[in-house]
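Understanding the architecture of this molecule
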Amino acid sequence: MIARVGPVAALLVGTLVLAAAAAWALPRPRADRVWAPEQATAPEITVEGDTVRVRRLRDFRYSPDGSALPGFRDEVFPLDDVRRVWFALAPFARRYRGLAHSFLTFELAGNRFVAVSVEARREEDERYSLLGGLLRSFELAYVVGTEE
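Residues numbered from 1 in each chain as written. Predicted model: local features only at pLDDT ≥ 70, side-chain atom pairs only at ≥ 80, totals over all residues. Heavy atoms only, no water.

Of the regular secondary structure elements, the chain holds 2 helices and 9 strands. Split into buried and exposed, the 148 residues of the chain put 23% on the buried side. Relative to all contacts within the chain whose residues are 6 or more apart in sequence, the contacts with residues 24 or more apart total 43%. Only carbon and sulfur atoms are counted for the fraction: they give 60% of the accessible area of the chain, which is about 11,200 Å². (Helix = DSSP H or I, 4+ residues; strand = E, 2+ residues; numbered from the N terminus. Buried < 20%, exposed > 50% of the residue type's maximum accessible area, 1.4 Å probe, protein only. Contact = heavy atoms within 4.5 Å. Areas by Shrake-Rupley, 256 points an atom, 1.4 Å probe, with all protein chains shown as cover.)

All right, on to a nonpolar patch on the surface then. Judged by side-chain polarity, Phe 92, Tyr 96, Leu 99, Tyr 128, Leu 130, Leu 131, Leu 134 and Leu 135 come together as a nonpolar surface patch covering roughly 820 Å² of accessible area. Note on placement: Leu 134 falls in helix α2 (residues 130-134). (Patch = residues over 30% accessible without salt bridge, like charges linked within 9 Å, V, L, I, M, F, W, Y side chains within 5 Å. Salt bridge = Lys/Arg side-chain N within 4 Å of Asp/Glu carboxyl O.)

Positionally, Ala 31 belongs in the loop between α1 (7-25) and β1 (44-48). Ala 31 sits 108 residues away from Glu 139 along the chain, and the two C-alpha atoms are 8.3 Å apart.

A volume near 230 Å³ is recorded for the second largest pocket. Of all the elements in the fold, those that place two or more residues in the lining of the second largest pocket are β2 (51-58), β5 (72-78), β7 (100-108) and β8 (112-121). Each residue belonging to the lining of the second largest pocket can be placed in one class, and the counts come to 12 nonpolar, no polar and no charged. (1 Å grid on protein atoms, 1.4 Å probe; cavity = no way out; pocket = protein on both sides within 12 Å on 5 of 7 lines; lining within 4 Å. Points joined across faces, edges and corners; volume = space filled by probe spheres on them. Nonpolar A, V, L, I, M, F, W, Y, C, P; charged D, E, K, R; others polar.)

So, about the nonpolar core. In terms of nonpolar packing, the biggest core is built from 7 residues, these being Val 52, Val 54, Leu 57, Phe 77, Leu 108, Val 114 and Val 144. Ranked by residues supplied to this core, first place goes to β2 with 3 residues. (Core = buried A, V, L, I, M, F, W, Y, C linked by side-chain atoms within 4.5 Å.)

On to unusual backbone geometry, then. Among all residues save glycine, negative phi is the norm, and among peptide bonds the norm is trans. Residues other than glycine seldom take positive phi values, yet Arg 56 does so here, at roughly 65 degrees. In this structure, Asn 111 takes a positive phi of about 60 degrees despite not being glycine. Relative to the helices and strands, Asn 111 is located in the loop between β7 and β8. Residue Asn 111 is classed as exposed on the basis of its relative accessible area of 65%.

Before going further, it helps to spend a moment on the pattern of salt bridges. Considering all chains together, one arrives at 11 salt bridges under this definition. Across the salt bridge formed by Glu 48 and Arg 53, the nearest N and O atoms sit 3.6 Å from each other. Taking relative accessible area as the criterion, Arg 53 reaches 33% and is therefore assigned partly exposed. Among the salt bridges present, the one from Arg 84 reaches Glu 107, with a minimum N-O distance of 3.4 Å. Placement of the pair is Arg 84 in strand β6 (residues 82-91) and Glu 107 in strand β7, with a sequence separation of 23 residues. The exposure class assigned to Glu 107 is buried, which follows from its relative accessible area of 15%. In the salt-bridge network here, residues are joined through shared partners; they are Asp 59, Arg 61, Arg 73 and Glu 75.

Below is the structure:
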C-alpha cells in the first residue's frame, strides 16, 4: 500500500535527501592546504606535571583598520597560575544576537590571559560562510592565543 503525503512533507523529505547528498559529496578534511595566515600555524600543547607548555601561542596585534601583525611565541604556565576560567560568547553579527562563537579564556596570575577556541580553518583565498560552516565544508583548527 502506498501512503499519500502532503506537499509540505514531500518538500521536507526532498530537502533532507538533498542535504544528505550534499554533505556526502563535500570534500574530506586534509591538512596539506595553503591556510589563511592567521590559521596556518597550529599550537602544540604538552602537560608536564603541574606545568603546561604551549609552543606557537598565537600573539597577533591588530591595528585600528583591522589588519593583523602575526606573531607566535612559546610560553610555559604553571597550573597554579590559573585564577579563573571564563566562558565567552562573541555574536556573529551586531544586530542579530542568535548565533555566536564560543571560547574559553584562562585568566592567569600577572594579569595574563590565554584563550582557547575551535574555529573553522579557512584556506588562504577562502571566506567563512555560515552555511558552509553548517554543512561542515571547513576543517577545524584549535587556536590557543593571547586575547589581543
